[in-house]
Amino acid sequence: MLSRKNKIIVMKFISLFSVVRGYNIPIIVIAQYLSAIFILAPEKRALAILLDFDLFIIVLASSLAIASGYIINNFYDSKKDLINRPTKSMLDRLVSQKTKLNVYFTLNFIVVFLAIFVSWRAFLYFSVYIFLIWYYSHRIKKQLFLGNLMSAFLSVLPFFAVFLYYKNLYEVILGHAVFLFLLLLIRELVKDLENIKGDLANDYRTIPIVYGEEVSKKIITMLSICTIIPVYILIEVFDVGYMDIYFYTCLIILIFFQLSLWKSNTKEQYLLLHNVLKLLIVAGVFSIILINPSVLWHGKKLLQSI
């Protein structure tokens, strides 16, 4: 049995894990490595990429920067989250605001310290990224539509750290980035529909508050239709292997998503739609493997031969 003091320590660790959304970090790590193996450096052996120490530092720095971003975002959103996410908010409040800031600054120091050992470009990139996350949380988040755009952009930006490392930016990469950006932007707009009460109470200028839910749904519908463009380019112009199965499935799911969206009018219904989009994004990460599944078979044979 844990003592009362140890129970408090454990609960604070759980609280901090919730604040940094520790369940999201492994997905981002996997996404960066899969992007490197299947998109950015397909000519290299997968094992060589996995054992690349500088890439490991880039991915680690990205993860810590994202974690610090979640902390500063939680710091500024504490009042709003009491209304929109009361259960999670109560858990998050087990860690004081002062502790959150201390962890935030510590993580950012570690990030720039790690980055400077890789290259001056990595140092500059992460310094700018950390500033943008703070500026978004402090100033931009409450701004009409600009907050949504910047949130989606900052969610895609960690992948550019890996692009910067390999010093290439092929058109196919931009196709994937645009598709992901659109899904993230749609998710942000659905979150605004889900969080109307908390946003209204804290003076957020979101589209549902300023223009109404119907206008929000029209914009989401337009963005969903726009996803056809990067999907068409990726499938018809570039070779994405069996990943086209994922893209076709996404388009079908987005059709049903739209039908449900126009019927939805409660927080619970919007939350369900939000989770559908999160599932599509996570599925997209693991679907990168479908670009060239043979890498897995070759890797398996290599490991068995060791």
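These numbers come from a predicted model, not from an experiment.

A.B. asks: Describe the packing of aromatic side chains, with residues and values.
C.D. replies: The description of two aromatic rings rests on the distance between their centres and on the angle between their planes. Inspection of every chain in the model, using the stated rule, returns 13 aromatic pairs. Judged by centre distance (5.4 Å) and plane angle (85°), the ring pair of F75 and Y76 falls under edge-to-face. Taking relative accessible area as the criterion, F75 reaches 22% and is therefore assigned partly exposed. Arranged with centres 5.0 Å apart and planes meeting at 85°, the rings of Y125 and F126 form a pair that is edge-to-face. Exposure remark for Y125: the relative accessible area of 14% places this residue in the buried category. Overall, F126 belongs to the buried group, its relative accessible area being 1%. Counting every residue linked through ring pairs, the aromatic cluster contains F109, F113 and F117.

A.B. asks: Quick one: what's the story with the pattern of salt bridges, residue by residue and with numbers?
C.D. replies: Applying the stated criterion to the full structure yields 4 salt bridges. Across the salt bridge formed by D77 and K141, the nearest N and O atoms sit 2.1 Å from each other. Here D77, found in the loop between α4 (53-76) and α5 (78-84), pairs with K141, found in the loop between α8 (120-140) and α9 (146-156); they are 64 residues apart in sequence, far enough to count as distant. Take D77 and K141: they sit in the same class, and that class is buried. Salt bridges here are not isolated pairs; linked through shared partners, they connect R187, E188 and K191.

A.B. asks: Break down the environment of F56 for me, with residues and values.
C.D. replies: Its place among the elements puts F56 in helix α4. You can call F56 partly exposed: its relative accessible area is 39%. Along the chain, F56 and Y33 lie 23 residues apart, while their C-alpha atoms are 9.0 Å from each other.

Criteria and cut-off values
Residues numbered from 1 in each chain as written. Predicted model: local features only at pLDDT ≥ 70, side-chain atom pairs only at ≥ 80, totals over all residues. Heavy atoms only, no water. Phe/Tyr/Trp six-rings, centres within 6.5 Å; stacked < 30°, edge-to-face > 60°. Buried < 20%, exposed > 50% of the residue type's maximum accessible area, 1.4 Å probe, protein only. Salt bridge = Lys/Arg side-chain N within 4 Å of Asp/Glu carboxyl O. Helix = DSSP H or I, 4+ residues; strand = E, 2+ residues; numbered from the N terminus.

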